[in-house]
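Summary of structural features
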Amino acid sequence: MSGFFGWQAYRKQDGWYAMKCIANDEYNTTNLVWRKHPLDIDRDAPRDAAEREIRRLYMVGRLKD
């Protein structure tokens, strides 16, 4: 799975999301905290379209670190 500055494309039943692990949390059972941002693309779009959308959103500043 490739990513862009830590953001990865992840598909669920309701569509594509950009996800990034942002911190380790000692109070979480998995010790990971994920930031999730829905992508405004077709649910049946291929992964490369989702990755292009992640790059576009990052460049315009909608995906924060």
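Keep in mind it's a predicted model, so treat the numbers as computed, not measured.

Some details on helix α1 (residues 47-59)
With 13 residues, α1 ought to run about 18 Å at 1.5 Å a step, and its terminal C-alpha atoms sit 19 Å apart, in line with that. Those residues of α1 that sit buried are Ala-49, Ala-50, Glu-51, Glu-53, Ile-54, Leu-57 and Tyr-58. Buried residues in α1 make contact with β1 (8-12), β2 (15-23) and β3 (33-38). Immediately downstream of α1, the backbone of Gly-61 shows phi near 90°, a positive value.

Concerning the pairing of β1
In terms of strand pairing, β1 meets β2 through five bridges, oriented antiparallel. Residue pairing across strands places Lys-12 opposite Gly-15, the latter belonging to β2. In sequence, β1 turns back onto β2 through a hairpin of two residues.

Comments concerning the side chain of Glu-53
Tracing the sequence through the fold places Glu-53 in helix α1. Given the relative accessible area of 11%, Glu-53 is considered buried. With residues up to four places along the chain from it excluded, the contact list for Glu-53 reads Leu-39, Asp-40 and Ile-41.

About the cut-offs
Residues numbered from 1 in each chain as written. Predicted model: local features only at pLDDT ≥ 70, side-chain atom pairs only at ≥ 80, totals over all residues. Heavy atoms only, no water. Helix = DSSP H or I, 4+ residues; strand = E, 2+ residues; numbered from the N terminus. Expected span 1.5 Å × (residues − 1). Buried < 20%, exposed > 50% of the residue type's maximum accessible area, 1.4 Å probe, protein only. Contact = heavy atoms within 4.5 Å. Pairing = 2+ DSSP bridges.

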